[in-house]
Amino acid sequence: MFGLEKSAGRREPGGSGGFPKMASVGDFNVLSSSIPATKVELSVSCRNLLDRDTFSKSDPICVLYTQAIGNKEWREFGRTEVIDNTLNPDFVRKFIMDYFFEERENLRFDFYDVDSKSPNLSKHDFLGQMFCTLGEIVGSQGSRLEKSIVGIPGKKCGTVIVTAEELGCCRDSVLMQFCANKLDKKDFFGKSDPFLVFHRSNEDGSFTICHKTEVIKNTLNPVWQAFKISVRALCNGDYDRTIKVEVYDWDRDGSHDFIGEFTTSYRELSRGQSQFNVYEVINPKKKGKKKKYVNSGTVTLLSFLIETEVSFLDYIKGGTQINFTVAIDFTASNGNPSQPTSLHYMNPYQLNAYGMALKAVGEIIQDYDSDKMFPALGFGARLPPDGRVSHEFALNGNPQNPYCHGIDGVMEAYYRSLKSVQLYGPTNFAPVINHVARYAASVKDGSQYFVLLIITDGVISDMAQTKESIVNASKLPMSIIIVGVGPAEFDAMEELDGDVVRISSRGKFAERDIVQFVPFRDYIDRSGNHVLSMARLAKDVLAEIPEQFLSYMRVRGIKPSPAPPPYTPPIHVLQTQI
C-alpha cells in the first residue's frame, strides 16, 4: 500500500495542550501522514568493463545520480566501494531508494576506473554510463535489468546488471491490543472516555501522529480493540526509534483532556505481553506540582502479532504484467483541430493537453509492460470512407490490431487520426470500457492487470451505460483513469470516481473502487513548466493503482507467483601463469 502515503501529514501538537485543531477522533486518516514510500535496495554488477590500466585490470567504482523533476539537474545519490583489479565487479555496497509507483525516477549509473585516493571523479578514467528509470528496473523480469554501458564512442563498454529488492521491514504490519488500568478521572459527572494516540519520532526529534484508537466511553479501565498498523508508519522501520503514546479523555467539543503519556519502541513492544510492556502513564504537569504523584494510571500491551503483507512489487516481480490501453475523445466539442483554441490543436512547438496527459501517464506505466505494445482507441468521431460514427475505433486504422509500439507510437497514431477522422459525438464511454473489460475477463488468474486511460473534454452522454460498465468491470482485474481536459464542469466524472459515494447501477454496487478522475486544469503550471505539471498529474492519477490492484488480488485470493531465481554471476576462474 505504498504511493498513497506521501502527502505531508498534519502534525497534532503533543503534551497537555490537547487537540486544539481536531474536530473529532474519527476524522484521522492514516494515509495522510507523511510515510515514505516502500524502499528498494539496488545491487549493481558489471560484465566486461573497459580495461583502462596498462599493467593490470581496471579498479571500478559505480556512481549513481538521480534527476530532479523540474530542472532536470543530475544529483549524485551515492557511490559503491572500489573493487580492485576486475572487469566483472559485483559491488557489495547497495543503493537504498524510496520507490513510488506513480513517480518517474530517472537514474544514471556512471562507472570509473579509480586511479588515486581523490574523491574528485574528473581525476579518474571514465568507463561509461547507463541510463534507466527505477520503474524499468522494478518492472523487468525478476526485477533484474541488464543493459549495455554506453558513453565512449567506438568502444564496447560492457554491460551492467541492476537488481531491485524490496526491503522487508517496509512490508511488515503489527496487530496490537492495549488496555489501561486506573486512569485519572477527568469528567465531572462520569468516568473518563479514554483513547490512545500514537506518534513516531522523526530524525529531527519532532513527532508525527500515526494511529489513534477508538474512544471507550465512561471507564477508567478500558480495553481497546486490536488494531493493525504498518511497521513503516509506526517507526519507519527503525526498531529502536521512540514511539510516544498519549492518553486522552475524549470531549464532544474537541478539547480532549490530556491524561498522560509514556514512551516505548518497536523493539520493546515486540517482546509481547510481559512485565516489560506495562507502562506508567505520566502527566508531567501533575508530576511537577504534586510531591506524592505516582502516575495517572497504567497501560498494558495485551498482544503483539507481526504479519508480513504481500506488496504490489511482489506481483510485479512474480511476472504480473500491467496492460495499458488509451482511449481519446474525438467529439466535436473539442473544437476544430486546425484552430489554436481547439483542445486537439496540433501545435508544432508543444504538446496539447491530450498529448501531455497521455505522455505523463503512459511513460510511467510502460515500464511495467514487457512488450511495450499498447492498444490506442478513439471515440465520438465519424470515420472515413462512409462517415459512420464510432465509439471504439483503432487510432492506427487497424481494428484487427489496434496496438501501437510504445507511447511514441500511440502519439503518432493519435496525430494521424486527427488528420483523417471528423470530430463528431456523442461522448460515450461504455464501449471503450467494455472493450478493455472483454480482455480483462479472459485473464483473471493474476498474471495480467489492465489500466484504461480515458482522456475527455467532458460531458458524458451515456451515464447509465457507463455506470453499468464500471460496476461490471469492478469484478475484473482492471482500473480506469479519466483525465478531463478543457474548461467544462466535470461533476459527472466526480460521481464516477466513487471516492465519496461508491458507484452503483440498477441497485448493484461496484465491488471495489476502480475509477480515478482528475481535471487536467488543476495541473497546469502557472510558470509554464510542463515537465512539472505532467509529473504532478501522473503522481495523482497513478497513486491509487497499486491499492486497486492489491484489492483485486486480495478479494480473489490470488498470491504472487514466485519470482524467477536470483541472478548468480558466473564464477571467473583465475588461471595462474607458471
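Residues numbered from 1 in each chain as written. Predicted model: local features only at pLDDT ≥ 70, side-chain atom pairs only at ≥ 80, totals over all residues. Heavy atoms only, no water.

1. Comments concerning the overall build of the chain
A count of helical and extended segments in the chain gives 12 helices and 28 strands. Each of the three principal axes of the chain carries a C-alpha extent, and together these read 90 × 85 × 45 Å. Out of the 578 residues in the chain, the part that is buried amounts to 54%. Long-range contacts, defined here as pairs at least 24 residues apart, represent 71% of the contacts in the chain between residues at least 6 apart. Carbon and sulfur atoms make up 52% of the accessible area of the chain, which amounts to about 26800 Å² in all. Charge separation in the chain, taken as the distance between the mean sites of 65 positive and 70 negative side-chain charges, equals 4 Å. (Helix = DSSP H or I, 4+ residues; strand = E, 2+ residues; numbered from the N terminus. Buried < 20%, exposed > 50% of the residue type's maximum accessible area, 1.4 Å probe, protein only. Contact = heavy atoms within 4.5 Å. Areas by Shrake-Rupley, 256 points an atom, 1.4 Å probe, with all protein chains shown as cover. Lys, Arg positive; Asp, Glu negative; His and termini not counted. Charge placed at Lys NZ, Arg CZ, Asp CG, Glu CD.)

2. As for unusual backbone geometry
Going from P384 to P385, the amide bond is cis rather than trans, its omega being 0°. When you line up the elements, P385 lands in the loop between β19 (381-383) and β20 (388-390). Of note, the amide linkage connecting G425 to P426 takes the cis form, showing an omega dihedral of -10°. Structurally, P426 is set in the loop between β23 (422-423) and α8 (430-442). Positive phi, normally seen in glycine, also occurs at N85, with a value near 60°. Tracing the backbone through its elements, the reader meets N85 in the loop between β3 (74-79) and β4 (95-99).

3. Topic: the packing of aromatic side chains
Scanning the entire structure with this criterion turns up 24 aromatic pairs. For the ring pair F195 and Y248, a centre distance of 5.7 Å and an interplane angle of 20° mean the geometry is stacked. On the criterion of sequence distance, the pair formed by F195 in strand β10 (residues 194-201) and Y248 in strand β13 (residues 242-249) is long-range, its members being 53 residues apart. Residues F195 and Y248 agree in their burial class; the two are buried. Centroid distance F312 to F549: 5.0 Å. Interplanar angle 85°. Geometry classified as edge-to-face. Residue F312 is located in helix α5 (residues 312-317), and its partner F549 is located in helix α12 (residues 545-556); the two are separated by 237 residues in the primary sequence. One exposure class covers both F312 and F549, and it is buried. Ring pairs connect the aromatic residues F101, F312, Y315, Y368, Y449 and F549, which therefore count as one cluster. Across the ring face of F276, the terminal group of R271 is positioned such that the distance to the ring centre comes to 4.1 Å. (Phe/Tyr/Trp six-rings, centres within 6.5 Å; stacked < 30°, edge-to-face > 60°. Lys NZ or Arg CZ within 6 Å of the ring centre and 35° of its normal.)

4. Points about the sheet that holds strand β8 (residues 159-166)
Across the sheet, four strands lie side by side as β4-β1-β8-β7; this open sheet has antiparallel pairing. On the outer flanks of this sheet lie β4 and β7 (144-148), each paired with one strand and no other. Each adjacent strand pair in this sheet contributes to an overall mean axis angle of 30°, direction not counted. Of the pairings in the sheet, the one linking β7 to β8 comprises five bridges and is antiparallel in character. Pairing of E146 across the sheet is with I161, part of β8. (Pairing = 2+ DSSP bridges. Axes fitted to C-alpha atoms, helices over the stretch in contact; angles between N-to-C directions.)

5. Topic: the sheet that holds strand β11 (residues 207-212)
Spatially, four strands are ordered β11-β10-β13-β14 in an open sheet, and the strand pairing comes out antiparallel. Every other strand in the sheet has two partners, leaving β11 and β14 (257-265) as the edge strands with one partner each. Direction aside, the axes of adjacent strands within the sheet are offset by 30° on average.

6. Remarks on the nonpolar core
The biggest cluster of nonpolar side chains holds 86 residues, and the ones touching the most others in it are L42, F109, F111, I137, F330, V483 and L542. When residues of this core are sorted by domain, at least three fall in each of domain 1 (38-166) and domain 3 (322-556). Among residues more than four places away in sequence, those in contact with V483 are A357, L453, I454, I455, T456, F517, V518, F520, L537 and V541. By size, the runner-up hydrophobic cluster in this structure holds 33 residues, among which are A180, Y248, Y266 and L269. (Core = buried A, V, L, I, M, F, W, Y, C linked by side-chain atoms within 4.5 Å. Domains from an automatic or database assignment.)

7. Overview of the packing of α8 against helix α9 (residues 463-473)
In helix packing, the relevant descriptors are the interaxial angle and the interaxial distance, both defined with respect to the helix axes. Close contact between α8 and α9 brings their axes to 9 Å; oriented N to C, the two are set at 15°. If you check the angle between α8 and α9, you find them roughly parallel. Here α8 and α9 pass one another in a crossing that is left-handed. For the pair formed by α8 and α9, the contact residues are A430, I433 and N434 on the first element and Q465, T466, S469 and I470 on the second. Class assignment of the residues belonging to the contact of α8 with α9 gives a composition of three nonpolar, four polar and no charged. (Parallel < 35°, antiparallel > 145°, perpendicular 65-115°, else oblique. Left-handed = near helix turned anticlockwise from the far one by under 90°. Nonpolar A, V, L, I, M, F, W, Y, C, P; charged D, E, K, R; others polar.)

8. What about the domain arrangement of the chain?
Accessible area lost on assembly of the parts is the figure often given for the size of an interface. What the domain assignment reports for the chain is domain 1 (38-166), domain 2 (172-308) and domain 3 (322-556). A straight line from the C-alpha centre of domain 1 to that of domain 2 covers 46 Å.

9. Points about the pattern of salt bridges
Counted by the stated rule, this structure contains 21 salt bridges. When the shortest N-O distance is used, the salt bridge between R79 and E76 registers 2.7 Å. Look at R79 and you get partly exposed, because its relative accessible area is 26%. Measuring nitrogen to oxygen at the nearest pair gives 3.2 Å for the salt bridge that ties R556 to E511. Separated by 45 residues along the polypeptide, R556 in helix α12 and E511 in the loop between β27 (508-509) and β28 (515-519) bring together distant segments of the chain. For E511, a relative accessible area of 35% puts it in the partly exposed group. Salt bridges here are not isolated pairs; linked through shared partners, they connect K359, E363 and D408. (Salt bridge = Lys/Arg side-chain N within 4 Å of Asp/Glu carboxyl O.)

10. Describing the environment of G135
Inspection of the secondary structure puts G135 in helix α1 (residues 134-139). Its relative accessible area of 10% is what places G135 among the buried residues. In this structure, the C-alpha to C-alpha distance between G135 and F178, residues 43 residues apart in sequence, is 40 Å. Discounting chain neighbours no more than four positions away, the residues touching G135 are D367 and Y368.

11. Here we look at the UniProt feature "domain: VWFA" (unreviewed entry) in the chain
In the numbering adopted here, UniProt assigns the feature "domain: VWFA" (unreviewed entry) to residues 323-524. Between the first and last C-alpha atoms of residues 323-524 the distance is 28 Å; the span itself is 29% helix and 26% strand. (UniProt positions renumbered as here; feature names shortened; annotations may be inferred.)

12. Structural notes on helix α7 (residues 406-420)
Structurally, the α-helix is built with 3.6 residues per turn, so residues lying three or four positions apart point the same way. In a regular helix each residue adds 1.5 Å, so 15 residues correspond to 21 Å; α7 covers 22 Å between its end C-alpha atoms and thus fits that length. If you check which residues of α7 are buried, you get G406, I407, G409, V410, M411, A413, Y414, S417 and L418. On its buried face, α7 is in contact with β17 (321-329), α6 (353-365), β18 (373-379) and β22 (403-405). (Expected span 1.5 Å × (residues − 1).)

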